[in-house]
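A structural walkthrough
Each chain, letter by letter, is given below.
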Amino acid sequence: LEYTSNMSLCLHEVSGDPYPDRVGGVLAMSGGIPMTTLSPEPSLIITRALNSEMGTQTMIPSRFMAGLIPDCLVEKYIFWQCEDDNIIGYETRKEKGDDDDMVGADTQSSTRLKINLNKHTGSDKSGFCNTSADALVRRIAVKDSFEESEDIDTNRPVLTLLNVVMAQAGSLLKEIGMLISRLDNLSQVLVWSESEVLNTQQSCTIDLIELPRVNLSFRSKRVEKIDGTVEHRLYSNDNDGLYISTSAKARDMVEKLLGTIDHFILLQNEDNDLFVLVPGCALPRRLHVDSTHLSVQVLLDRRNQEWINNMGEIRCYLYPVHSSKSFLITPSLASSMYLMVMYFITGAYQEVYKMVDSCVSEDLTPEESQIFNQLEFLGNDNHPDAHACRLKLSAVTVGLGDSSAMKCPWSVFEELREYVKKYDFVSSACRLTTEEEKLLLKMCTPSFGYRLPTELVNRSAYVSAVSNIDSIPTGKTLSVKVGIDKPPVIENFDSGADTSILDNPKNCMITSKLFGAAYSRPEEDQVAFGGLRALEFINSALDHGVEVTSASYGFPLMYDLLVGTVAFKLHPNDKTHNWGRMLVRVVPPSDFKRKSSEMSALRILSENPSVAQHPHIPKFQIDSAMSKFKGMFQGKDAVSRILNELHSFLTKQSIRSMLQFPVASIESQSPAVMTLKRPESYFDYRLWVIPKVSDYSQSTFNLDIQNCAAVNIPLAQIQAFASKPLSPIKLESFVVYLSRNELRQQNVSAVVPFDLSASKAAR
């Protein structure tokens, strides 16, 4: 087997690095190269005869079993074919001390695979092994590992392998197999039945499921409920009392918590407590696409051996669902970090921001370190909330020092600069507190020879002012000086109206009229029917430059486009006037800054489509070859004539009343000083600074009563909520406070029961 379009559903993990591919609209990890060819080479046939009863056996190389049975069996057994064509798999003998990766019912003793072939009718005449057969694969427990004999252990059942790949769509086996494939590829999933199976078409039970690589197994149990109904459940052999939940309602609830993270299964116990089981041996990656949009699709590399080796024996994370059904409980640092990285990959930045504080440690295990290192590959995520999450992690890990294992692999200076630039788009749940921003601003170190950019200097001044604003007396203000970068010089096309064509066109005409004499109107078949020729024409105009005095792409062409003489179109619904208006706005500043009759005419016609499309508007007339030069010296050239005619047309009372002139655009100027006043409520300045509780141990909290009054909360309830929420029911009549002496307990020792002197954060 050389290629698979979906490694998750294939029984063989094709060699080579997996790569994302979309086949039939389904995005999956593919493997191998389908165009692989092999040249004929000499081969070696190995046979053996252990005893006369077993006869001659022929060794079958493992590559011939690839894709026929799951890879985890191919890796564990060596296969020999008997004289009757049936196959026996013997466990690979391991050196003493080697770890056994198989888990489940029969991992500690020797087992054998018995593969009985049921050949289909017909014969292969091609010589390329094209005959087909069904196989009955059974695992038999034996008391010893001697291949010459077969001492069957009758205390353990004979297990028959069930084929998930070939199961009918909608069948129980198919549904269970697809569910378990969320934890690992089907090449590492074994579904066994303890039923006595005689042929491949016989129905049977599902009794045992093993996942060797993930170190998990499930066993089916028959459970009789209180109401007398009988249920068959798949209980986990590794998590006592937990079984796979089949509740659609519970799964929908968990999917809302996890978002687009889908490689998990839901477990529950007898008390209906829910648990999310996520395989940790799957290396998560984000699908890389072009820079036009951000991908939040997850690709899982489940066979990265270095990643798996760092996981240890426990290769799954079990997250209890809180009884409120509103969040997951992370029982370990590794589980917290893995969930945080998964949220980051899927774009759930608000969840990442919540989890950052619980993902900090001075020292990391290899498992934790490899998870943390995945954040480096998300550095190209330029979402505003992504900058906030990275900065939050930098803020909470700064006390660990530069030599810490959690040294963030990004520049605080660059991240904070992008954060400030995109602050308006950062969600409120991901905004940093004032104290965090001040800390990060102190950490900013620009490159040698450079100073902090203006936006960070201004941000520092603003945050410092806001942090001290509570000390301002009521009614007083605080002024914050801000720096202003010198804006680039940009000539404003909309600086004002040009009425030269209406007032005095003869004195404002451009002296040279060669561009009018050299103008040649484009042929209709070149520009009027769209397609490649029209596209080449407009590209040529933009490449050569559009100027008023250009012979090919100047005043005559723009005038013809505005009045509709040249019917240029790229799309059938295009309006020629719009193309003329676009070209007028791309003329160089030297043309539109100087008032001229030509530019005035183009401006007025571009801003007044109804006038430009008037049936009596003058049209540009191209002179004959001899008349062109005579008219130039006599002041009767085509450009002069059209300007005089247009002047007469536009100054008519009926036309003049139709003209509209654009309002001059005033360029904005940034103020050099910002004035702040003491906030009257916590809603003030929320656009820039987010109030958050940073100390939950304080005994007094300030509550904004004005905001509470707006929603009609009684004052007594507000006071109770700020002190003792249950005081309205006279809590003192139900609760009695006892001292330690009354409880017969010793006084609290003044000595701390642990030593923090070795902690880096305490130095």
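Residues numbered from 1 in each chain as written. Predicted model: local features only at pLDDT ≥ 70, side-chain atom pairs only at ≥ 80, totals over all residues. Heavy atoms only, no water.

Some points on the overall build of the chain
What counts here: Helix numbering and strand numbering both begin at the N terminus, where a helix is a DSSP run of H or I of at least 4 residues and a strand a DSSP run of E of at least 2. Burial classes follow relative accessibility: with a 1.4 Å probe on protein chains only, a residue under 20% of its type's maximum area counts as buried, one over 50% as exposed, and anything between as partly exposed. It only takes one pair of heavy atoms within 4.5 Å for two residues to be counted as in contact. Using the Shrake-Rupley algorithm and a 1.4 Å probe, accessible areas are obtained, with residue cover drawn only from the displayed protein chains.
Summing up its helical and strand segments, the chain has 25 helices and 22 strands in all. By the burial criterion, 41% of the 763 residues in the chain qualify as buried. Residue pairs in contact within the chain that sit at least 24 positions apart in sequence constitute 63% of those at least 6 positions apart. Total accessible area computed for the chain in this model is approximately 44100 Å², and 53% of it derives from carbon and sulfur atoms.

Focus: the nonpolar core
Put simply, the rule is: Think of a nonpolar core as a cluster: buried Ala, Val, Leu, Ile, Met, Phe, Trp, Tyr and Cys residues, connected wherever their side-chain atoms sit within 4.5 Å.
In terms of nonpolar packing, the biggest core is built from 92 residues, with I209, F218 and V276 touching the most fellow members. In terms of residue count, the dominant contributor to this core is helix 5 (residues 333–345) (11 residues). When sequence neighbours within four positions are dropped, the list of residues in contact with I209 reads I176, I180, V189, L190, V191, L216, S217, F218 and L234. By size, the runner-up hydrophobic cluster in this structure holds 47 residues, among which are Y519, I538, A601 and V611.

Overview of the side chain of N458
Definition in use: Polar contact criterion, stated in full: a pair of N or O atoms within 3.5 Å, where within protein one must be able to donate a hydrogen and the other to accept it, and residues adjacent in sequence count only if both atoms are side-chain atoms.
Following the sequence through the fold, N458 ends up in helix 11 (residues 454–467). By relative accessible area, which is 18% here, N458 ends up buried. There is a polar contact of 2.6 Å between the side chain of N458 and the backbone nitrogen of G483.

Some points on the packing of helix 9 (residues 412–421) against helix 11
The criterion, for reference: Inter-axis angles, ranging from 0 to 180 degrees, are taken between N-to-C directions of lines fitted to C-alpha atoms, where helices are fitted over the stretch in contact. Here is the rule for angles: anything less than 35 degrees is roughly parallel, anything more than 145 is roughly antiparallel, 65 through 115 is roughly perpendicular, and the remaining ranges are oblique.
In the contact formed by helix 9 and helix 11, the axes pass within 10 Å of each other and the chain directions differ by 75°. In terms of orientation, helix 9 and helix 11 fall into the roughly perpendicular class. When helix 9 is examined against helix 11, the residues F413, L416, R417, V420 and K421 are found in contact with a partner set consisting of E455, L456 and R459.

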